[in-house]
Amino acid sequence: MRQRNKPWADDFLKENAQLIIPNPSEYKGKWSTLFGNNNPIHVEVGTGKGQFIVGMAKQYPNINFIGIELAKSIVVTAAQKVLEAGSSNVLLLNENAGDLVEIFAENEVSTIYLNFSDPWPKNRHEKRRLTYKAFLDQYKTILKQSGQVIFKTDNRGLFEYSLVSLTDYNMKLEEVNLDLHAIQDESNIMTEYEERFSAKGQPIYRLKASF
Ligand code: SAM
């Protein structure tokens, strides 16, 4: 995702620390207290500019959403969307998803969304793919037993890699969809990338899997 330098981003993060939580490891095992309820927690990894998480939060007011976005200049845009929408069931983290087990306790999360994750097509970058086994280890730890990983992408190579990686990990594939938009799923909230790629006529792939 294109990043623009935003000199105001540091001040914005400080001023909005109730939304973009600094030191998230302090809340490990205690995220419900921050939301003020015991609703299920869904985590989106690589939130981008926030269209998906804001749309989901509106559609599912009884679910708590936490978006994790590595890029500071992008997370601030997501935060602006959350503030405009007035979503009280969204929190954001400006963190690397490599640290998930430092942020969430075992069984704290009900669903993990991976939306249009960076494909890292070179073999030597395999470990950076968000469906690489080291990430699956983390998802398995923080997800409840019935929890799901839901992954959408336009990238066939990454999708095929992920099917193999999840299967090698003995995950159960509950859905494998090779053309998500062909099924007219009204509940599907599109991400920014999803809108862009489907407008170009590219099929969108989705899988749902559990451990
Ligand atoms: N999910 C959005 C969408 O579908 O429009 C953005 C997709 S963009 C290709 C991938 C996003 O994931 C980028 O904003 C990137 O900064 C973020 N990202 C990549 N690796 C990450 C990681 N390890 N932890 C957190 N965010 C990450």
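Computed from a predicted model, the values in this text were never measured in an experiment.

### Observations concerning the UniProt feature "binding site: S-adenosyl-L-methionine" (unreviewed entry) in the chain
Listed under "binding site: S-adenosyl-L-methionine" (unreviewed entry) in the UniProt record, and renumbered for this structure, are Glu44, Glu69, Asn96 and Asp118. Across 75 residues in sequence, these annotated residues keep their C-alpha atoms within 13.8 Å of one another, forming a single compact spot. Mapped onto the secondary structure, Glu69 falls in the loop between strand E2 (64–68) and helix H4 (72–85). By relative accessible area, which is 9% here, Glu69 ends up buried. The contacts of Glu69, once residues within four sequence positions are left out, are Gly46, Thr47, Gly48, Ile74, Val75, Leu93, Asn94 and Glu95. Its location among the elements puts Asn96 in the loop between strand E3 (90–93) and helix H5 (100–103). According to the relative accessible area criterion, Asn96 is partly exposed, its value standing at 37%.

### Concerning the pattern of salt bridges
Tallied over the full model, the rule gives 6 salt bridges. Residues Lys72 and Asp10 are paired through a salt bridge, measuring 2.7 Å at the closest nitrogen-oxygen approach. With a gap of 62 residues between them, Lys72 in helix H4 and Asp10 in helix H1 (residues 9–15) connect regions that are remote in the sequence. Taking the shortest distance from any N to any O, the salt bridge between Arg206 and Glu175 comes out at 2.7 Å. In this pair, Arg206 is assigned in strand E7 (residues 205–210) and Glu175 in strand E6 (residues 172–177), connecting sequence segments 31 residues apart. Taking the relative accessible area as the measure of exposure, Arg206 reaches 7% and is therefore buried. Beyond isolated ion pairs, a larger network of salt bridges with shared partners links Glu175, Asp185 and Arg206.

### Quick word on the site of the ligand
Close to the ligand lie 18 residues; Gly46, Glu69, Ala97, Asn115 and Thr191 are nearest. In this structure, Gly46 approaches the ligand through a main-chain N or O atom, which is 2.8 Å from a nitrogen atom. Here Asn96 contributes a side-chain N or O atom positioned 3.0 Å from a nitrogen atom of the ligand. Burial of the ligand by the surrounding chains reaches 92%, relative to a free accessible area of 600 Å². Taken together, the residues of the shell around the ligand sort by class into 8 nonpolar, 6 polar and 4 charged.

Calculation notes
- Counting from 1, residues in each chain are numbered in the order their sequence is written.
- The predicted origin of the model limits local features to residues at a pLDDT of at least 70 and limits the giving and counting of side-chain atom pairs to 80 or more, whereas totals for whole chains, interfaces and linings rest on all residues.
- The side-chain figures draw on all heavy atoms in the structure; neither hydrogens nor water molecules are used.
- UniProt positions are given in the numbering used here, feature names are shortened, and annotations may be inferred rather than shown by experiment.
- Counting from the N terminus, the helices are DSSP H or I runs at least four residues long and the strands are E runs at least two residues long.
- The buried label goes to any residue with under 20% of its type's maximum accessible area, the exposed label to any with over 50%, and the partly exposed label to all in between, with areas taken from a 1.4 Å probe on protein chains only.
- Note on contacts: a residue pair is in contact if any heavy atoms of the two residues lie within 4.5 Å.
- Counted as salt bridges are all cases of a side-chain nitrogen of Lys or Arg within 4 Å of a carboxyl oxygen of Asp or Glu.
- When we say a residue is near a molecule or strand, we mean one of its heavy atoms is within 4 Å of it.
- A 3.5 Å cut-off defines polar contacts: any pair of N or O atoms within that distance qualifies, except that in protein one atom must be a possible hydrogen donor and the other a possible acceptor, and neighbouring residues in sequence count only when both atoms are side-chain atoms.
- We get accessible surface area from the Shrake-Rupley algorithm with a probe of 1.4 Å; when it comes to residues, only the shown protein chains can shield them.
- All residues other than Ala, Val, Leu, Ile, Met, Phe, Trp, Tyr, Cys, Pro, Asp, Glu, Lys and Arg, Gly among them, are scored as polar; the first ten of these are nonpolar and the last four charged.

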